[in-house]
Amino acid sequence: MARRPSKHLRTPRPLSTSFTRAESKRDGEWVVQPLVANRSEKDYTCPDCHRVVPAGSAHVVAWPRTPGLGTSSPVDARRHWHTACWNRRR
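Quick look at the structure, then. (Residues numbered from 1 in each chain as written. Predicted model: local features only at pLDDT ≥ 70, side-chain atom pairs only at ≥ 80, totals over all residues. Heavy atoms only, no water.)

## Examining the environment of Ser40
Along the chain, the position of Ser40 falls in the loop between β2 (28-35) and β3 (44-45). In this structure Ser40 comes out as buried when scored by relative accessible area, which is 8%. C-alpha of Ser40 to C-alpha of His59: the two residues are 19 residues apart in sequence and 8.3 Å apart in space. For Ser40, the residues in contact, after removing those within four places along its chain, are Pro54, Ala55, Gly56, Ser57 and His59. (Helix = DSSP H or I, 4+ residues; strand = E, 2+ residues; numbered from the N terminus. Buried < 20%, exposed > 50% of the residue type's maximum accessible area, 1.4 Å probe, protein only. Contact = heavy atoms within 4.5 Å.)

## Comments concerning the pattern of salt bridges
Opposite charge on two side chains allows them to pair when their charged atoms are near. With the rule as written, the count across this model stands at four salt bridges. Three or more residues joined by partner-sharing salt bridges are found here, namely Arg21, Glu23 and Lys25. (Salt bridge = Lys/Arg side-chain N within 4 Å of Asp/Glu carboxyl O.)

## Brief notes about the state of the cysteines
Going through the model one piece at a time under the given rule, you end up with zero disulfides. Cys85 supplies the cysteine sulfur nearest to Cys46, a cysteine that is in no disulfide, at a spacing of 3.8 Å. Since its relative accessible area comes to 0%, Cys46 is described here as buried. Cys49 takes part in no disulfide bond, and the closest cysteine sulfur, belonging to Cys85, lies 3.8 Å away. (Disulfide = S-S within 2.5 Å.)

## Some details on the nonpolar core
Ranked by size, the top nonpolar core spans 10 residues in total: Trp30, Val32, Tyr44, Cys46, Val53, Val60, Ala62, Trp81, Cys85 and Trp86. If sequence neighbours within four positions are ignored, Val32 has contacts with Phe19, Thr20, Arg21, Glu23, Val60, Val61, Ala62 and Trp86. (Core = buried A, V, L, I, M, F, W, Y, C linked by side-chain atoms within 4.5 Å.)

## Points about the side chain of Glu23
Secondary-structure assignment places Glu23 in strand β1 (residues 21-25). Of the polar contacts made by the side chain of Glu23, one reaches the side chain of Arg21; its length is 2.7 Å. In terms of polar contacts, Glu23 uses its side chain to reach the side chain of Trp86, at 3.0 Å. Setting aside its immediate chain neighbours within four residues, Glu23 contacts Gly28, Glu29, Trp30, Val32 and Trp86. (Polar contact = N/O pair within 3.5 Å; in protein donor to acceptor, adjacent residues only side chain to side chain.)

From the geometry alone we can't say anything about function, so treat these as descriptive.
Following this line, the structure appears as structure tokens:
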């Protein structure tokens, strides 16, 4: 069986902006997209609690509205969060 290339070497999938909302947090403006359980196909690590966001679970994808230093696109900084962890942020 052929191995898939590393996700870090693949080009990022385009983000749909039809289901996003803007949110302000203490560290800036964020674009937030909730994902329903059946849209989640792999495990992610939540940047807040450092626990697994399991495949098949509803969660939130968030990325900064403007790219940070050293990145050409805000998509490079998108992260998958547990919904409760994201909502707990100030």
